[in-house]
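# A structural walkthrough
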Amino acid sequence: MKVIKNLKYSKDHEWVKVEGNKAYIGITDYAQHALGDIVFVELPETDTEISGGDAFAVVESVKAAADVYSPVSGVVLEVNEELLDAPERINEDPYESWIALIELSDPDEVEELMDAVEYEKFCSEED
Amino acid sequence: MSRYIPNTPGQQDDMLREIGLSSREELFSDIPCRLRLSRLLNLGEPLSEMELLKIMKDIASENSNLDEYACFLGAGAYDHYIPSLVGHIISRQEFYTSYTPYQPEISQGMLQAIFEYQTMICELTGMDVSNASMYDGASAMAEAAVMACSAARRNKVLVAKSVHPEYRQVLKTYGHFRGIQIEEVGFKDGLVDLEELENKTGSDTAAVIVQYPNFFGNVEPVRPASEIAHKNKALLVASADPIALGLLEAPGNLGADIVTGEGQGLGNPLSFGGPYLGFFAASESLLRKMPGRIVGQTVDRDGRRAFVLTIQTREQHIRREKATSNICSNQALNALAATVYMAVMGKQGMRKVAELCLQKSHYAYNSLIGTGKFKPAFSAPFFKEFVVKSSVPVKQINEKLLESKIIGGFDLSKDYPELGNGWLVAVTEKRTKKEIDEFVEKAGVL
Amino acid sequence: MKNNPLIFELERPGRKAYSLPDCDVPVSDMATLVPSEYLRKSEPALPEVSEVDVVRHYTNLSRRNHGVDSGFYPLGSCTMKYNPKINEDVSKLPGFTSIHPYQDESLVQGCLEILHHTGNMLKECTGMDAVSLQPAAGAHGELTGLMIIKAYHESRGDKNRNIIIVPDSAHGTNPASAAAAGFSVVEVKSNERGNVDIEALRSLMSDKVAGLMLTNPNTLGLFEEEIEEIAGMVHEAGGLLYYDGANANAIMGISRPGDMGFDVVHLNLHKTFGTPHGGGGPGAGPVGVKEKLAPFLPVPVVEYKDGKYCLDYDRPLSIGRVKSFYGNFSVVLKAYAYIKAIGAKGLKEASEGAVLNANYIMSKLKKHYDLPFDRKCMHEFVLSGRKQAANGVSTLDIAKRLLDFGYHPPTIYFPLIVKEALMIEPTETESRETLDGFIETMIQIAKEAEETPEKVKGAPYKTVVVRLDEAGAARNPVLRWRGKEDDICQ
């Protein structure tokens, strides 16, 4: 399982990449592996306001549909439309395949998330 | 031991012993004694096949079946001809005794047949995608309303009063419990009142529902209705008669976003109201909101074309309370009958059946009016069914016709009292000129 | 590689399979009858093929399908028992098939008699007071039953009951039906015996609870031993108990939901009562209710009055219609014939046989596969493939390997609370020899999983197609034929 330094992680297996007051959100290698072949991604609409913990996207495999929870609050600035045509990008490179870019309304929330070391440990306990 | 249980009592005793039990009762020891029946159910003694068949034939003979009557009754279920081979194909055990095709490697037969069905329904309706069937025309239409509300994120549905009364009742039931507001739109000259529709359609309208041809048999103005719906960003749902679609323009080409309908006329017997099949087709953008099973094409590991249930994340077994619908079992065998029917008819046959219905119904209509005893109810164009008004109650006419072994049309007085003695008459390709002439003659006597 | 052709690909323009008489009435010009805007501009692409083409094509397709008559079909929770042939004959009598649903009641007394009597027989089987035969399938019955529950509470002015509780082992239809009836769904967990966790259930009780949906025996094939206490608890909180009849084949003539405390039941006639599944339908999902819920049943209800059968529409508290006409009549007819043929004794023997067969297979396989709940089962049981999974062989692989031996696999990956679940329901209509053959095969596959796991993972080998690219099917949906140029295999 791949974990990347400098990213933040949630217990629901989302990663957050902070750039200033914005953050990219995606699902982790652990999550894509658990789901298997991803066949569809339901993206949020831009300008949607979301609170931390809200389900804001859905990632689907052939036999499962997993809600993606936003670990942070804010407004959806941009979504990764490439995933509509090529959902398998998440399997191939989960950390480059961001789902949404969010303008953070409460940057402190990021601090409560796990770092790479903590997340790795968290995953090993999940198994 | 019942004839459907192969194991002999002796074998069962051996099996019990091998698993360490001494009696059949012990199998049920997890059921508290108080809850165990101490008597046999009151359901009578077993019957031999001969005895059973005798009883069933006796009961069947208490019905007056249409093989012995000329049927002019329609109203949502039609006496169309079923080609002989339809029954032979759907009686193949590999089809009728199988379950839902969850294991594609040993279910390619049913899966491919459904794929063919989906293609045929798309062709008839002019839509992009079709599911594998719903329970019937009424529930398919209700599910279309539910889907439209979910897609439009609105909560109100307008339905034409010229839609089948029972379909509207089912819609009301589904709508009531889902919190969907249902409003009816009246009719003018037997067609949906476009002015009223325009006034009622607004920014809260999720869908406008019309029937095509409508309950009265009239060819509903689908295009202007869909223009009104679309102007308000609502969807147009058409509940269509598939037989009519052999001749009439596909609703998809008239602006419909969802097309549902009753598929009974496609090779399924009347069977006192069921089982039939509801078909359900939609434009591509609505695919992920569709209810029910859908079959898709793919390849196997060796590159062979193969078929499989797909986009299943919409369905109850995966999405549970978030599923687009709770439907699981559908009407697969009826859909297979429809598929075989359409394969037999082909494009020319479908057109010819529709033409026969159209010509014969107009002949019957003109003849009835010609007796001077009936008045036209509407001037709108109709397909295989029409409404005339009588000066005497319809019940009386139908009773008179029975004497000549004719089943008359549907009495509209209960559902549409505003039409007076309204009589809804259906004429399919099965009615001969002789039958129609006799029908008109006997009906015109009163 | 040659693909199996689609009916459209067999087209040879000019061929025909239909036969229709010439029009025997004076023919009018089409344009005078229907405005040209409403006439088709182009023909639907239905095939031009001969009658022999159609027969060969669909016969060929049928040979690519496994039915109960083809062989053993131990698909858990689906009750794939033998479907008696005589019932097919009965359902094809013209006195049943050629009946229009709107014929006058006096002309359809036979049909109404069948509906009325079947309703009475189902009442007796379930211990309920009134029945509707209108629902077309199990899930449709669930939806109907839940609407009845809601209407009942509302009629009492009890309008805040918006929660339906379902166990974590429930069929997916349960929560989906509850949502479709406008309820919120709350899950209750199972305990270590595989039953509803009573204390967890107690903590969920409130004046918001409309009802609890249970399958009994549950989807693990285990009887809810504490059903009386559960019923008491739910009733005390003002809720109602819903019985999902998917597993009723375990208890016919043995125990009745009505006596267990259930208020509403649905039955799947296409499971328990021997009517065929038709490749996914039609089924029938009659709903039975206790007296106090009878006014809420869908209209119409078949009654017997003054020596005649009739349809009663005058039921002001009814939830309304859930389907046009009166239900899947000919399915009900086959169930009627089934019950008549085997009688009370036969129904009890069926449940006894089903439970015995399940316990027999379970006891022979538990050495070879993990059995998460090692206790007596009812008509089905759930194994876990986790022993094999440790060696890289998944439950899916085991299922696919069974295909090579001519068996339909068990239900897999359900119930969700068991990892790598294999849910096996043999039914009573299978002989000991069949069960022994299946057991032997399962043991062989367990052995293969240990010794030659690659062999299991590559299965099946003998089927008309091998493993499919299901992800590809979902990523790029091809849901209809679009002509040869689109053929993805070219």
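Residues numbered from 1 in each chain as written. Chains lettered and ligands numbered in written order. Predicted model: local features only at pLDDT ≥ 70, side-chain atom pairs only at ≥ 80, totals over all residues. Heavy atoms only, no water.

### Concerning the overall build of chain B
When helices and strands are counted, chain B shows 13 helices and 17 strands. Taking all 446 residues of chain B together, the buried fraction comes to 69%. A separation threshold of at least 6 residues defines the contact pool for chain B, and within that pool the share at least 24 residues apart is 69%. Taken as a whole, chain B presents about 13800 Å² of accessible surface, with 50% of it coming from carbon and sulfur. When the 48 positive and 53 negative side-chain charges of chain B are each reduced to one mean point, those points stand 2 Å apart. (Helix = DSSP H or I, 4+ residues; strand = E, 2+ residues; numbered from the N terminus. Buried < 20%, exposed > 50% of the residue type's maximum accessible area, 1.4 Å probe, protein only. Contact = heavy atoms within 4.5 Å. Areas by Shrake-Rupley, 256 points an atom, 1.4 Å probe, with all protein chains shown as cover. Lys, Arg positive; Asp, Glu negative; His and termini not counted. Charge placed at Lys NZ, Arg CZ, Asp CG, Glu CD.)

### Quick notes on the domain arrangement of chain B
Residues and elements named next belong to chain B. What the domain assignment reports for chain B is domain 1 (66-81 + 346-443) and domain 2 (84-340). Domain 1 and domain 2 are separated by 27 Å when their C-alpha centres are compared. Across the boundary between the two partners, domain 1 contributes 32 residues, which contact 30 residues of domain 2. At the boundary of domain 1 with domain 2, total buried surface from both sides reaches about 2300 Å², with 65% on carbon and sulfur atoms. Viewed at the interface, domain 2 and domain 1 are joined by two salt bridges. Remark: the boundary between domain 1 and domain 2 carries nine residue pairs in polar contact (both at pLDDT 80 or more). When contributions to the side of domain 1 that touches domain 2 are tallied by element, the ones reaching two or more residues are helix H11 (332-370) and strand S14 (385-390). Among the elements that line the side of domain 1 that touches domain 2, the one with the most residues is H11, at seven residues. For the side of domain 1 that touches domain 2, the per-class residue count stands at 22 nonpolar, three polar and seven charged. (Domains from an automatic or database assignment. Buried area = accessible area lost by both parts, 1.4 Å probe. Salt bridge = Lys/Arg side-chain N within 4 Å of Asp/Glu carboxyl O. Polar contact = N/O pair within 3.5 Å; in protein donor to acceptor, adjacent residues only side chain to side chain. Nonpolar A, V, L, I, M, F, W, Y, C, P; charged D, E, K, R; others polar.)

### So, the interface of chain B and chain C
Across the contact, 190 residues belong to chain B and 213 residues belong to chain C. Together, the buried faces of chain B and chain C total about 17700 Å²; carbon and sulfur atoms form 62% of this surface. Counting every contact that joins chain B to chain C gives 15 salt bridges. Across the pair Arg223(B) and Glu37(C) runs a salt bridge, and its minimum N-O distance is 3.2 Å. The interface formed by chain B and chain C contains 100 residue pairs in polar contact (both at pLDDT 80 or more). If one sorts the elements of the side of chain B that touches chain C by residue count, H11(B) sits on top with 24 residues. Taken together, the residues of the side of chain B that touches chain C sort by class into 95 nonpolar, 53 polar and 42 charged.

### Things to note about helix H2 (residues 51-62) of chain C
With twelve residues, H2(C) extends 17 Å from end C-alpha to end C-alpha; this agrees with the ideal 16 Å at 1.5 Å per step. Next to the buried residues of H2(C) lie helix H3 (84-90), helix H4 (93-96), helix H5 (108-125) and H11 of chain B. (Expected span 1.5 Å × (residues − 1).)

### Quick word on helix H6 (residues 137-152) of chain B
Residue and element names in this part refer to chain B. Under the 1.5 Å per step criterion, the end-to-end length of H6 is 22 Å for 16 residues, consistent within 8% with the ideal 22 Å. Burial within H6 is extensive, with 13 of its 16 residues counted as buried. Measuring from the backbone nitrogen of alanine 138 back to the side-chain oxygen at the start of H6 gives 3.3 Å, which picks out aspartate 136 as the cap. Arginine 153 sits one or two residues past H6 and shows a positive phi near 50 degrees.

### Considerations on the packing of aromatic side chains
Enumeration according to the criterion identifies 39 aromatic pairs over all chains in this entry. Between Tyr119(A) and Phe122(A), the ring centres sit 6.4 Å apart and the planes meet at 25 degrees, which makes this aromatic pair stacked. Note that Tyr119(A) and Phe122(A) are positioned in helix H5 (residues 116-126) at a spacing of three residues, about one turn of the helix. The exposure class assigned to Phe122(A) is buried, which follows from its relative accessible area of 15%. For the cation-ring pair, Arg288(B) lies above Phe40(A), with the distance from its terminal atom to the ring centre recorded as 3.4 Å. (Phe/Tyr/Trp six-rings, centres within 6.5 Å; stacked < 30°, edge-to-face > 60°. Lys NZ or Arg CZ within 6 Å of the ring centre and 35° of its normal.)

### Considerations on the sheet that holds strand S7 (residues 287-289) of chain C
Residues and elements named next belong to chain C. The seven strands lie next to each other as S1-S7-S6-S5-S4-S2-S3, forming an open sheet whose pairing is mixed. In the strand order of this sheet, the two ends are held by strand S1 (130-132) and strand S3 (184-188), each with one partner. The sheet shows a mean angle of 25 degrees between the axes of neighbouring strands, direction not considered. With respect to the sheet, helix H6 (residues 138-155) is in contact with strand S2 (163-167), strand S4 (209-215), strand S5 (240-245), strand S6 (264-267) and S7, its orientation differing from that of S5 by roughly 170 degrees. Here helix H9 (residues 227-236) sits on the sheet and contacts S4 and S5; the angle it forms with S5, its principal contact strand, is near 135 degrees. (Pairing = 2+ DSSP bridges. Axes fitted to C-alpha atoms, helices over the stretch in contact; angles between N-to-C directions.)

### Side note on the domain arrangement of chain C
Examined at the domain level, chain C breaks down into domain 1 (7-62), domain 2 (86-341) and domain 3 (352-472). Taking only C-alpha atoms into account, the centre of domain 1 of chain C sits 47 Å from that of domain 3 of chain C.

### A word on unusual backbone geometry
Look at the link from Tyr212(B) to Pro213(B): it is a cis peptide, with omega at -15 degrees. On the secondary structure map, Pro213(B) appears in the loop between strand S7 (205-212) and helix H9 (222-231). The amide bond that connects Ala459(C) to the next residue, Pro460(C), takes the cis arrangement and shows omega of 0 degrees. Its identity is not glycine, yet His13(A) carries a phi of approximately 70 degrees, on the positive side.

### Observations concerning the sheet that holds strand S16 (residues 410-411) of chain B
Residue and element names in this part refer to chain B. Here four strands make up an open sheet; going across it, the order is S13-S14-S17-S16 and the pairing antiparallel. Two strands in the sheet have a free side with no partner beyond their single neighbour: strand S13 (374-376) and S16. Inspection of the sheet shows S16 paired to strand S17 (residues 421-426) by two bridges, in the antiparallel sense. Within S17, the position partnered with phenylalanine 410 by the bridge is leucine 424. Strand contacts of helix H12 (residues 394-403): S13, S14, S16 and S17, with the helix running at about 40 degrees to S17, the strand carrying the most contacts.

### Things to note about the interface of chain A and chain C
In this assembly, eight residues from chain A lie in contact with four residues from chain C. Here chain A meets chain C over a buried area of about 470 Å², counting both sides, of which 56% is carbon and sulfur. Taken together, the connections running from chain A to chain C amount to two salt bridges. A salt bridge links Arg475(C) to Glu88(A); its shortest N-O distance comes to 3.6 Å. One can count two residue pairs in polar contact (both at pLDDT 80 or more) joining chain A with chain C. A class-by-class count of the residues in the side of chain A that touches chain C yields four nonpolar, one polar and three charged.

### Things to note about a negative patch on the surface
Residues and elements named next belong to chain A. Taken together, the side chains of Asp106, Asp108, Glu111 and Glu112 present a region of like negative charge at the surface. Its place among the elements puts glutamate 111 in helix H4 (residues 108-111). Using a relative accessible area of 58% as the deciding quantity, one classes glutamate 111 as exposed. (Patch = residues over 30% accessible without salt bridge, like charges linked within 9 Å, V, L, I, M, F, W, Y side chains within 5 Å.)

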